[in-house]
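# A look at the structure
Single-letter residue listing:
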Amino acid sequence: MQIVRFLSFVLIAFTFFSCNNDNPEEVGDNANPAINFSYLRFVSSCGTNVLDSLKVFEKDGPTSQEIKDSLISIKCIRTSDNQQLDMINHLFYANSQADYEFPRDETLIRLNWVDFNTWDLEKRPYHYDEVYDILLQSSKIFGDNETHHLKWYVSVVGRAHNALKCEVDGQKVSLDDDPLYNREAIYGVFEVNGIITIPCK
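Presented here is a report on the structure given in the accompanying data block. Counting restarts for each chain, with residues numbered from 1 along the sequence as it is written. Since the coordinates come from a predicted model, pLDDT governs what is reported: local features require at least 70, and pairs of side-chain atoms require 80 or more to be given and counted, while whole-chain, interface and lining totals use all residues. Only hydrogens and water are set aside when side-chain values are computed; all heavy atoms of the structure are taken into account.

### A closer look at the sheet that holds strand E4 (residues 83-85)
- The strand order across the open sheet formed by 6 strands is E4-E3-E7-E8-E9-E10, and the pairing between neighbours is antiparallel. Each edge of the sheet is formed by a strand with only one pairing partner; in this case those strands are E4 and strand E10 (171-173). Strand after strand, the sheet turns through a mean of 30° between neighbouring axes, direction not considered.
- Any two strands between which DSSP finds at least two bridges are classified as paired. Segments assigned H or I by DSSP are reported as helices when at least four residues long, segments assigned E as strands when at least two residues long, and all are numbered from the N terminus. Two strands pair when backbone bridges link them, and strand E3 (residues 73-78) and E4 are joined in this way by 3 bridges, in the antiparallel orientation. Across the sheet, Arg 78 pairs through a bridge with Gln 83, a residue of E4. Axes, fitted as lines to C-alpha atoms, cover a helix only where it is in contact. Angles between the N-to-C directions of the axes lie from 0 to 180 degrees.

Below is the structure:
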């Protein structure tokens, strides 16, 4: 049911805000609601991809597969009002030959969520800062029972949402060479979209 609701939100967003605007001064009021993507790469202390080592992905099937609850718990909290946002998360097999943005063939987790607060100009400030705190818990992946935090820091002006930085467990993630983060930047405004490497035990 959550998947149907999420997809309905995305469809509505693209229906009402599908036109492109080349004027940077007007982007703030005409941008789509924040449709956010993060690809997570989990890397062990010896440099191997943890999801590949666990063999969680059936490589003969489609490139995207459902994540089992027994593998990992994932929640996204919008910290301005402590609201949990709906998410659609999948295992994703990145293929370097099919998409140049992925440098190697490996298993990732793809996170998707929408924040409709960026759409509703009447019920919030025109300019404000937001933090998306993504809570990750998995003894299989991390080798512990702790809750790990992936945080995206976003500035919102009108309906334009600009991803300023990303952190994993309080450590800043470099986005300078991230092809997904830099791909769709318009007038210096960056979407919440990146390939994030998360260290594990």
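### Topic: the pattern of salt bridges
- Salt bridges are defined by distance alone: a side-chain nitrogen of Lys or Arg within 4 Å of a carboxyl oxygen of Asp or Glu. Counting across every chain of the model gives 7 salt bridges.
- With its nearest N and O atoms 2.8 Å apart, the salt bridge here joins Arg 78 to Asp 81.
- Taking relative accessible area as the criterion, Arg 78 reaches 7% and is therefore assigned buried. Only protein chains enter the area calculation, which uses a 1.4 Å probe; residues under 20% of their type maximum are buried, those over 50% are exposed, and those in between are partly exposed.

### Here we look at the pairing of strand E9 (residues 160-168)
- In terms of burial, E9 is a largely internal element, 7 of the 9 residues being buried.
- In terms of strand pairing, strand E8 (residues 148-157) meets E9 through 8 bridges, oriented antiparallel. Within E9, the position partnered with Val 154 by the bridge is Ala 163.
- Note: E9 against E10, 3 bridges, orientation antiparallel. Paired with Val 168 across the strands is Gln 171, a residue of E10.
- Between the end of E9 and the start of E10, which pair antiparallel, lie 2 residues, with Asp 169 showing a positive phi angle near 50°.

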